[in-house]
Amino acid sequence: MGTDAHVFLRELARGLRPRSDQLTQVVLQRLRSELPEVWKYEDIAALAPAGLSEHVDTVLDFLEGGRELSEVTTPPAAIDFACRLAEHGVQISELLRVYRLVHAGLLQLLYEETGRLTKDPELINAVTIALSAMGFEYVDRTSQQAVTAYQRARDRWLQRRLTLINEAGTRIGTTLDTARTAQELADVGTTHFADLVTVDLLAAALHGEETHPADDPPVLRRIARSVSDGGPVSLVGPGPTHAYEDGSEPALVLATGQPLRLGIKASDAPTWLKVDADLAGTSGADGIHSVLLVPLWARGNPLGLAQFCRRRTTDPFDDDDLLLAQEISSRAAVNIDNARRYTQERSTALTLQRSLLPQHAPEEPAVETASRYLPSGSRAGVGGDWYDVIPLSGARVALVVGDVVGRGLQASATMGRLRTAVRTLADIDLTPDELLTHLDDVVIRMQRTEQREMDEISATCLYAVYDPVSRVCSLASAGHVLPAMVTPGEAGAGRAVDFPDLPIGPPLGLGGLPFETAQVELPQGSLLVLYTDGLIESRARDVDASLAVLSDVLARAPASLEETCDGLLEALLPSRPADDVALLVARTRALDADHVATLDLPSDPAVVCEARAFASERLAAWGLEDMAFTTELVVSELVTNAIRYGRSPIQLRMIFQSTVTCEVSDASGTAPHLRRARTFDEGGRGLFLVAQLSEHWGTRHNREGKVIWAEQLITPADAA
């Protein structure tokens, strides 16, 4: 090869040493053109030449000295450069890109110098290989050290931000005074990252009025300000009202609820900024070079605008500063809204806490459910809409939706009482029409016991029971709108949406009029959509038009029930509905045929043995042999009870889901009662044994007679 590559590289480094500054400038120029966003920070731009110069010198030292790269350490200025990037919130990918560009540029210059000094192809090839190997190893080692320094600096920076957020949480919202809370926001802002902070609140918010977005430019009042350089930090009372010009940046932020980060040039300061400076009591907009405009929103409503400005601080705001301002402003907005609503909503909140709707529907094997409740947007108060999902015996489930007439505390309290009454009546397995009859009596008794000067109590209710074994839905309505039923279509066909023409009884509280149960067979996977009238009654459209929209949404509803609920509300409701809305969407399921087993029995005590054998066989087929002993005993007692005290026909039915349910039906309407047998009694222990061996047991009546059922839990050991 002639001259050794390492000897050549040593001579190459010695020759480039006097030109190291020139090499630094060439690479630096390339960095400026490739990564212009990094150079907007003055301290980084000032530090970069020193860091790059140290890198060049380090590379030349290793080439000239021939040392092992295991001894290399990242130059101190490069470590400082990485830390500055972290403190400014620059992504770590940008740091790694800097390293790639720097060392790619150095290698390119070294390759060019090699080609200028020799024309020997073998030497050039050997030098190129040596430089490439050294370059990759050098980048790996130095970048690893720089990344470690970056991560440590970033962690310290994030810790400082977290400390600020925690401090904001403790300093903002110490009282229920709107002006004090706004001033606390301004003071926190100037303490840590802004030179001037102002807070404007909507005049409507200060007057306790609703503050939903309006088309016209809103009227604001300056309520707080803070200056970091010892200027005036508080107002003596609220400032004058003002409005931002339509189309200006503050007006845009108020209208959209989206924050803005602006750079301000001294020669082109906007008019609104000069007006803001006058309102803040400062000496004009001179010196302000960076501004954050952050909307104050709480619970979906606009409250005002916070402005964070930098004058003395040289660095402009970055995206992380904007996120920080949003975080502390959102906390302040919630506290401001709490203070504004405190007196008006305190009594309502205390009442609603005692009668909350279910937050999560229970997991039911018979149906998959999703639900929504939306309070009205008016100031009349929360209404009395409610929904419920109630598990019943025999794998069935009850779906309930109701609406109490009226608004405010009385309607909310009545809703809680009726929901409790429905759950109690459902627990004794009444048919839908019988349940509504008893619920009607409850409302009538409530009317009699309430004070006479109160409005008359009335409500509507729809009660539906779905049986996954027969796929039959039994429902009855007390003055309530009927549900929508969506059946899955054939392959390639769309869904069919139907509003069944079923009898509707009178509203609850009238008394003396009957209710009627209707039955509908539903294919597996059908949707049953229960709702209150607030969903379809609107000032913008009549009921028929709303039902057409509802039908259209359901016909193309997605597979997710949560998305279906969201789609219905989005299509049917304005941003601020005039009435409460309760929505319950259920997708029906059907039990597999091999999960249900029935056996018809004659009224003969000799068949008890056959019933026990049948139960044991079914448990074996279901892989639940460990439950055979207790289940046989339960079946034996239930069948014996039906033969002794009931009438034919008698039937045993077993249902396998997350539990094992044993049901024995007969034609007698006499209900058994659990009693404690005395020492020398020959009978009376059968139901006691059933109650001890099962998780739940009970009796339900139907038009053909009664059903006694017992439910046993399946433990992991049983299913093993």
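All of these numbers come straight from a predicted model, not from anything done at the bench. (Residues numbered from 1 in each chain as written. Predicted model: local features only at pLDDT ≥ 70, side-chain atom pairs only at ≥ 80, totals over all residues. Heavy atoms only, no water.)

Quick word on the overall build of the protein
What counts is decided by this rule: Strands are runs of DSSP state E lasting at least 2 residues, helices are runs of H or I lasting at least 4, and numbering of each runs from the N terminus. A 1.4 Å probe rolled over the protein chains alone gives each residue an accessible area, and that area as a share of the maximum for its type sets the label: buried under 20%, exposed over 50%, partly exposed in between. It only takes one pair of heavy atoms within 4.5 Å for two residues to be counted as in contact. Accessible surface is estimated by sampling points in the Shrake-Rupley manner with a 1.4 Å probe; for residues, cover comes only from the protein chains shown.
Along the backbone of the protein there are 19 helices and 21 strands. Within the protein, buried positions represent 48% of all 720 residues. Of all intrachain contacts in the protein linking residues separated by at least 6 positions in sequence, the fraction that spans at least 24 positions is 70%. In the structure as shown, the protein presents an accessible area of about 34,400 Å², 51% of it carried by carbon and sulfur atoms.

Examining the environment of Arg 341
Within the secondary structure layout, Arg 341 lies in helix α11 (residues 319–352). The exposure class of Arg 341 is buried, given its relative accessible area of 13%.

Regarding the layout of surface pockets
The condition is simple: The method works on a 1 Å grid over the protein atoms by themselves. A cavity is a set of points holding a 1.4 Å probe that cannot get out, a pocket is an open set with protein on both sides within 12 Å along at least five of seven lines, and residues with an atom within 4 Å of a point line them. Grid points are joined across faces, edges and corners, and a volume is the space filled by probe spheres set on the points. Each residue gets one of three labels, nonpolar for Ala, Val, Leu, Ile, Met, Phe, Trp, Tyr, Cys and Pro, charged for Asp, Glu, Lys and Arg, and polar for the others, Gly among them.
In this model, the second largest pocket occupies a volume close to 790 Å³. Asp 467, Arg 700, Asn 702, Glu 704 and Val 707 are, among the 31 residues lining the second largest pocket, the residues nearest its centre. For the lining of the second largest pocket, the elements supplying multiple residues, two or more each, are β10 (459–467), β11 (472–478), β18 (650–656), β19 (659–666), β20 (696–702) and β21 (705–713). Residue composition of the lining of the second largest pocket, grouped by class: 11 nonpolar, 10 polar and 10 charged.

Things to note about the confidence of the model for the protein
Cut-off, in case you're wondering: The predictor rates its confidence in each residue with pLDDT, a number between 0 and 100.
Averaged over every residue, the pLDDT of the protein is 80; the share at 70 or more is 84%. For residues 231–237, every residue scores under 50 in pLDDT, and the model assigns this stretch 15 contacts once sequence neighbours within four places are set aside.

Some details on the pairing of strand β1 (residues 196–202)
The line we're drawing: Pairing between strands requires that DSSP locate at least two bridges from one strand to the other.
Summarising burial for β1: 7 of the 7 residues are buried, a large majority. Neither face of β1 is exposed, since Leu 196, Thr 198, Asp 200 and Leu 202 on one face and Val 197, Val 199 and Leu 201 on the opposite face are all buried. Pairing geometry for β1 and strand β6 (residues 301–310), over 6 bridges, is antiparallel. Of the residues in β6, the one forming a bridge with Asp 200 is Leu 305. Of the strand pairs in this sheet, β1 and strand β2 (residues 220–227) are connected by 7 bridges, and their pairing is antiparallel. Its bridge partner being in β2, Asp 200 is matched across the sheet by Arg 222.

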